[in-house]
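The primary structure of each chain is shown beneath.
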Amino acid sequence: MAKKIPSLIIDDEASSRENISMLLEQFCPEVALVGMASNVREAEQQIKALQPAIVFLDIQLGTETAFSLLKRLGNIDFAIIFITAYDHFAIKAFKFMAVDYLLKPIEIPQLIRAAGNAVKQVADRSLHLSLDQMMMQVEDFNRSRHKLALATGKGYEMVYIQDIMYCLANGSYTHFFFKHEEPLLVSKNLKYYENLLGEYGFLRTHNTALVNLQYVKTIERVNGGSLVMEDQRSLPVSKAKRMELEGRIKEIRRLI
């Protein structure tokens, strides 16, 4: 029998703690609950005493927050699954930092997915992004130089969004191509990044390609349609996306 992964639930609502505990027991057999806490002080004590590998962490803990706890701990050597009742800007920040989260009321498929990802992080020992980087991303999400955490076979690569030229589908993986850096193969599909990067000037021009419109050099209408990027690579454009692509490019050039 595989060894279970010790976990801790930190939530200021007793009913929420009990619900998560029950769901973990029923649907996440690889996770073993070793304790629960209701506030920052209790949580700090239990984390130090029990040394969990996974922490289910509510963002709002009474008058304090999860970030107060993380700052007090300093060294984060466990996988974090944030829990929140509020679908606000911080959710996107968590996505950009490749941190899992659950929205209340918690849905079973999302819990199974998040717990499975955390167990894999523990097994691969790819637990940690920098706490400083995480806090900066969450607290300063309105800044222009946003970074994206890309999960590779070796860990996480932090890249500036504005340096991404285009992304290409590779089965359930995605190939990232940059202005100056070497390409990266990332373990999430292209649809995931289409949803994440759409508001940053990226357009899905084809089922295989997601492009940063700032790096489009020319649009070609021959042979069914394609575009040429600044690195001279030719990428396909579907008929359904051709008019939207041309309109978006014209708008960008009007604003420059």
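The preceding data block contains the structure.
Basis of the calculations
Position numbers for residues start from 1 in each chain and track the written sequence from start to end. Residues qualify for local features only when their pLDDT is at least 70, as the model is predicted, and side-chain atom pairs are given and counted only at 80 or more; totals for whole chains, interfaces and linings, by contrast, use all residues. Side-chain metrics in this entry use all non-hydrogen atoms of the structure; hydrogen atoms and water are not considered. A pair of aromatic rings is counted whenever rings of Phe, Tyr or Trp (Trp by its six-membered ring) have centres within 6.5 Å, and the orientation is called stacked for planes under 30 degrees apart, edge-to-face for over 60 and tilted otherwise. Labels follow the DSSP assignment, with helices taken as runs of H or I lasting at least four residues and strands as runs of E lasting at least two, numbered in each case from the N terminus. Each residue is placed in one exposure class: buried if its accessible area under a 1.4 Å probe, protein chains only, is under 20% of its type's maximum, exposed if it is over 50%, and partly exposed if it falls in between. Here, a charge over a ring is recorded when the distance from Lys NZ or Arg CZ to the ring centre is within 6 Å and its angle to the ring normal is within 35 degrees. Between any two strands, pairing holds if DSSP finds at least two bridges. Lines fitted to C-alpha atoms define the axes, with helix axes restricted to the stretch in contact, and inter-axis angles between N-to-C directions lie between 0 and 180 degrees. Residue contacts are counted whenever heavy atoms from the two residues lie within 4.5 Å of one another.

**A few points about the packing of aromatic side chains**
All chains considered together, the criterion is met by five aromatic pairs. Centroid distance Tyr166 to Phe177: 4.8 Å. Interplanar angle 20°. Geometry classified as stacked. Within this pair, whereas Tyr166 is found in strand S10 (residues 164-170), its partner Phe177 is found in strand S11 (residues 173-178), the two being separated by 11 residues in sequence. Take Tyr166: its relative accessible area is 1%, and that puts it in the buried class. Judged by its relative accessible area of 14%, Phe177 falls in the buried class. One Lys or Arg, Lys188, reaches over the ring of Tyr192 and ends 4.8 Å from the middle of that ring. The lysine or arginine in question, Arg233, covers the ring of Phe177, its NZ or CZ lying 5.0 Å from the ring centre.

**Here's the deal with the sheet that holds strand S3 (residues 54-58)**
Read from one edge to the other, the open sheet built from five strands follows the order S2-S1-S3-S6-S7, with strand pairing classed as parallel. What marks the edges here is a single partner per strand, and that holds for strand S2 (31-37) and strand S7 (100-103). Taking the axes of each pair of neighbouring strands and ignoring which way they run, one obtains an average angle of 20° across the sheet. Two strands pair when backbone bridges link them, and S3 and strand S6 (residues 79-84) are joined in this way by five bridges, in the parallel orientation. Looking across to S6, one finds that Phe56 is bridged to Ile81. Strands strand S1 (5-10), S2, S3 and S6 of the sheet are contacted by helix H1 (residues 14-27), whose axis makes an angle of about 170° with S2. Of the strands in this sheet, S1 and S2 are in contact with helix H2 (residues 40-50), which crosses S2 at around 140°.

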